[in-house]
Amino acid sequence: MTATPIRIAIQRLAHGEGLPLPGYATQGAAGMDVVAAESLELAPGARHAVATGFAMAIPAGYEVQVRPRSGLALKHGITCLNTPGTIDSDYRGEVKVILANLGDTPFPIGRGDRIAQLVPAPVQKAGFVEVDSLDETARGSGGFGSTGQ
Ligand SMILES: O=c1ccn([C@H]2C[C@H](O)[C@@H](COP(=O)(O)OP(=O)(O)OP(=O)(O)O)O2)c(=O)[nH]1
Ligand SMILES: [Mg+2]
């Protein structure tokens, strides 16, 4: 069973002309590949908010996550520094992909190269209720490796 795709309005910006809009590489892909709208070289240890050339209006109640591509990560050490990046439903600016080079060689990015993938997701909102004490649990305040390796 496949959930009905949500519709997301997308606006191509002037510098995005001629580029493919984000899309699924295969029928079962979870992420829509997004391409760079600029060319640059990312030095080892450097980061850059890479232009995509488009803006979106995500329906209320949803977000779009910006995730790295595993091939770039494994072969070249290229990742999204803030992964998963969050595109808010009320954001109308250009979507950017914050790439970082964790590898040891400069990495060239060409206009049109697939640099990341977009995954829409429903947003569960919450409200905090301030209390004086919390219920007890077996774990208590143990964390950060408290159960062993
Ligand atoms: O990878 C990303 C992450 C964010 N954004 C844009 C869309 C998002 O809605 C906005 C704000 O992102 P976020 O909330 O992660 O950043 P912030 O540092 O909290 O900025 P703000 O104060 O604008 O919310 O920046 C991107 O284009 N790409
Ligand atoms: Mg924010």
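Sequence order as written defines the numbering, with residues in each chain counted from 1. All chains are assigned letters beginning with A, and all ligands numbers beginning with 1, in the order in which they are written. pLDDT decides what is reported in this predicted model: residues at 70 or higher carry local features, side-chain atom pairs at 80 or more are listed and counted, and totals for whole chains, interfaces and linings draw on all residues regardless. Side-chain calculation: all heavy atoms of the structure are included, whereas hydrogens and water are not.

Caption draft 1: Broad picture of the nonpolar core. Ranked by size, the top nonpolar core spans 22 residues in total, and within it V97, L99, I109 and I115 carry the most contacts. Secondary structure elements follow DSSP: runs of H or I no shorter than four residues count as helices, runs of E no shorter than two count as strands, and numbering proceeds from the N terminus. Elements with a minimum of two residues in this core: β4 (40-42), β5 (47-57), β6 (62-67), β7 (78-80), β9 (94-101), β10 (107-109) and β11 (114-122). Those residues in contact with I115 that lie beyond four places of it in its chain are V34, V35, A36, V50, R69, L72, V97, L99 and I109. What we call a nonpolar core is a set of buried Ala, Val, Leu, Ile, Met, Phe, Trp, Tyr and Cys residues that are connected through their side-chain atoms within 4.5 Å. Classification of residues uses two cut-offs on accessible area relative to the type maximum, computed with a 1.4 Å probe and protein chains only: under 20% is buried, over 50% is exposed, and between them is partly exposed. The contact rule is simple, with two residues in contact once any of their heavy atoms fall within 4.5 Å.

Caption draft 2: View of the sheet that holds strand β8 (residues 85-87). Strand pairing follows a simple DSSP-based rule, namely that at least 2 bridges must link the two strands. Spatially, the five strands line up as an open sheet ordered β2-β3-β11-β6-β8, and their pairing is antiparallel. Two strands in the sheet have a free side with no partner beyond their single neighbour: β2 (23-24) and β8. As paired elements, β6 and β11 share six bridges and run antiparallel to each other. Following the sheet pairing, Y62 is matched in β11 by P122.

Caption draft 3: Region of the structure containing the UniProt feature "domain: dUTPase-like" (unreviewed entry) in the protein chain. When the UniProt feature table is mapped to this numbering, "domain: dUTPase-like" (unreviewed entry) covers residues 20-148. Within the segment residues 20-148, helix and strand shares are 5% and 40% respectively, and the terminal C-alpha atoms sit 48 Å apart. UniProt positions are given in the numbering used here, feature names are shortened, and annotations may be inferred rather than shown by experiment.

Caption draft 4: The arrangement of the pattern of salt bridges in detail. For salt bridges, the criterion is a side-chain nitrogen of Lys or Arg within 4 Å of an Asp or Glu carboxyl oxygen. A full pass over the atoms with the stated rule returns two salt bridges. For the salt bridge of R69 with D33, the shortest nitrogen-to-oxygen distance reads 3.9 Å. Of this pair, R69 sits in the loop between β6 and α1 (70-76) while D33 is found in strand β3 (residues 32-35), placing the two residues 36 residues apart along the sequence. Linked through salt bridges whose partners overlap, the residues forming this network are D33, R69 and R114.

Caption draft 5: Highlighting the side chain of E94. Along the chain, E94 turns up in strand β9. The buried charged residue E94 lacks any salt bridge, with K96 as its nearest oppositely charged partner at 4.3 Å. Under this definition, polar contacts are N or O atom pairs within 3.5 Å; protein pairs additionally need one hydrogen-donor-capable and one acceptor-capable atom, and for neighbouring residues in sequence, both atoms have to be side-chain atoms. For E94, the side chain forms a polar contact with the main-chain nitrogen of T52, separated by 3.0 Å. Only four residue types enter the charge count: Lys and Arg as positive, Asp and Glu as negative, with His and the chain ends excluded.

Caption draft 6: Main features of a nonpolar patch on the surface. Taken together, the side chains of V129, V131 and L134 make up a nonpolar region of the molecular surface, amounting to roughly 340 Å² of accessible area. The exposure class of V131 is partly exposed, given its relative accessible area of 47%. Note that patches include only residues with greater than 30% relative accessible area and no salt bridge, and the join distances are 9 Å for like charges and 5 Å for nonpolar side chains (Val, Leu, Ile, Met, Phe, Trp, Tyr). Accessible surface is estimated by sampling points in the Shrake-Rupley manner with a 1.4 Å probe; for residues, cover comes only from the protein chains shown.

Caption draft 7: Spotlight on the UniProt feature "binding site: substrate" (unreviewed entry) in the protein chain. Sequence positions flagged by UniProt for "binding site: substrate" (unreviewed entry) are, in local numbering, R69, S70, G71, N82, T86, I87 and D88. These annotated residues cover 20 residues of sequence, and their C-alpha atoms sit far apart, with the largest distance between any two at 26.5 Å. Here S70 shows up in helix α1. S70 gets classed as exposed once you look at its relative accessible area, which sits at 60%. Relative to the helices and strands, G71 is located in helix α1.

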